[in-house]
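What follows is each chain in one-letter form.
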Amino acid sequence: MRLQDLKKADASWKDKAVHARYRVESIGSLARLLRHGPGKMAEIFRWDWLRTLAGASNLLDMAVYTRTGRYREASAYALAEVIGGIGDLIDSICAAPDRVVIHEDLVPSEIFRGMGLAPFMAEVIGIAVPLVKADWAEKYIDIAENEGTPPDTCSLPKCTMGVALDGQFPKSAAIVTSNMPCDGGMASYTILERELKSPCFRLDIPYNFYNDRAIDYFVSELKRMIAWLEEHTPGRMDWDRLKEVCIERNKAMEHELEIWELIRQKPAPMAGEAIWLAQLIHMVATPGSPRATRTMKNILKRTKKIMENGGGALPEERYRAVLWNPPTLVFPELFVWAEQQYGVALLADMLTYHRHPFIDVSSPDSMLRSLAQIIVEGPMARHTRGPAENFFDDLFYLYEYFSLDMIWMAGHIGCKNTMALNGMFRERCREREIPLFIMNYDLSDTRVVSPVDMKKQAEAFMETVMKAEPLL
């Protein structure tokens, strides 16, 4: 299925101007890499993933194709800032190549920034590039499998491994990972360590983490990591700089919490990519950056504007939904289609929803303690590694908090952790009389289930379980 299969919005000249403005800004976000000179450009543009990402401004089409007015503007703004955030990551590794630290997606980057290092989240390649080109990861999945990776491993770490095996990662001074969220993810860092020839530090996150003893232990792990990074990289901990990063994160968090409070209203004054994709890039890949704070502040501002006009983001909000599990990377248009076809407003996903505290910046120890809690309770990490209550309690809380009508479960077949819960999932939703849609698909591989078949599954659910009449 392609975006062009949807009905295009009847855009006004103002709508078209919004599209043009943010497209120019997106192109500018990536074009600024040219300042690093032709030699560096030749070096980094040998990476296939970067050449594909150069077309990321096309993501804006997804945000604007079916939408008009303030929701269109807010969605286009959020997408432009997402592209800008990815540009920031690439820009920083070009500017300080000797300070690059490659880190796992569940190890946030605040401490690396506090040490004057250039963090680069390894999985951001496998997450961001399929959003631009759905079948892009398949070549790298095949490379990983041909190297001996079991085919039933999650396709995201397989893609990450394939990119490393193909020599498409930036050079790094060090690698930092953890024992989360799954065996496939942990195994992928053995390949990265070997292929990048970089020393690797592995954080040990306790299984039971809701107690002071676990946090005390993990704070000691963070201190051990800082000492190790000071030994293996040019980075040195600057507690004042870490405090600035943490304050930025707190500001962004404050804006995000206010957005959540506002979208509890019916109809919701914001939905879709401005919620889930903005959070994924700015609060997972680049937390504590000024861009993350600015983005959340401006999305909040636009949310309030929509609310002041007395309406919701969607022209007709008929249903409210959460997407549990990571978002559908190979079919990011899923909820654009669901909005138009059935009036479904997506208000959150698993990676969006966290219960992170504000960081106590009163001392180095208090910052490390807050960051320890953020890492051990990271979304998806706490949800998928057990116990099962972590998965269900958050989800059912979210269901009540946003007054949802149904749950969409992105049933990624490579995620054994969540697939193992599907039986219990159905049973618990049946007990609560919650409509549950489990969509079979693969996170990064369209050969397993195509976007067309994903859409057919959603249509069958909406029309047989929800008894929904298509709006078009």
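Residues numbered from 1 in each chain as written. Predicted model: local features only at pLDDT ≥ 70, side-chain atom pairs only at ≥ 80, totals over all residues. Heavy atoms only, no water.

**Some remarks on the nonpolar core**
Applied cut-off: Each nonpolar core is a collection of buried residues, namely Ala, Val, Leu, Ile, Met, Phe, Trp, Tyr and Cys, held together in the definition by side-chain atoms within 4.5 Å. Three exposure classes are used, based on accessible area relative to the maximum for each residue type with a 1.4 Å probe and protein chains only: buried under 20%, partly exposed in between, and exposed over 50%. Put simply, DSSP H or I for four residues or longer makes a helix, DSSP E for two residues or longer makes a strand, and each gets a number counted from the N terminus. Contacts are residue-level and defined by heavy atoms, with any inter-residue pair within 4.5 Å sufficient.
Membership of the largest hydrophobic core comes to 174 residues, with the highest contact counts inside it found for Trp49, Phe169, Leu222, Leu229, Ile407, Trp408 and Met462. Broken down by element, the residue count for this core peaks at 14 residues, all from helix H5 (residues 69-95). Excluding anything up to four places from it in sequence, Met462 contacts Tyr319, Tyr342, Val344, Met406, Trp408, Lys467 and Ala468.

**Side note on the environment of Ile127**
Tracing the chain through its elements places Ile127 in helix H7 (residues 124-132). A C-alpha to C-alpha distance of 9.5 Å links Ile127 and Cys159, two positions 32 residues apart in sequence. Beyond its immediate stretch of four places on either side in the chain, Ile127 contacts Met121, Leu156, Leu280 and Leu329.

**A word on the environment of Arg23**
Position of Arg23 relative to the elements: it lies in helix H1 (residues 13-31). Accessibility expressed as a relative area gives 23% for Arg23, which makes it partly exposed. On a C-alpha basis, the gap between Arg23 and Asp61 in space is 9.1 Å, while along the polypeptide they are 38 residues apart. Sequence-distant contacts of Arg23, that is, excluding residues within four places in its chain, are made with Ser57, Asn58, Leu60 and Asp61.

**Section: the packing of aromatic side chains**
The geometry of an aromatic ring pair is captured by two quantities: the separation of the ring centres and the angle between the planes. What counts, and what does not: Classification of ring pairs rests on two measures: the distance between centres of Phe, Tyr or Trp rings, Trp counted by its six-membered ring, which must be within 6.5 Å, and the angle between planes, read as stacked under 30 degrees, edge-to-face over 60 and tilted in between. Criterion for a charge above a ring: Lys NZ or Arg CZ within 6 Å of the ring centre, and within 35 degrees of the ring normal.
All told, the structure shown has 19 aromatic pairs when counted by the stated rule. Between Phe437 and Phe461 the ring centres are 5.1 Å apart and the planes differ by 20 degrees, which places this aromatic pair in the stacked class. Residue Phe437 is found in strand E8 (residues 436-441), and its partner Phe461 is found in helix H21 (residues 451-464); the two are separated by 24 residues along the sequence. The buried category is assigned to Phe437, whose relative accessible area is 5%. Among the aromatic residues, those joined into a cluster by ring pairs are Trp260, Tyr353, Tyr397, Tyr401 and Phe402. The residue whose ring lies beneath Arg264 is Tyr401, and the NZ or CZ to ring-centre distance is 4.1 Å. The lysine or arginine in question, Arg432, covers the ring of Phe396, its NZ or CZ lying 4.1 Å from the ring centre.

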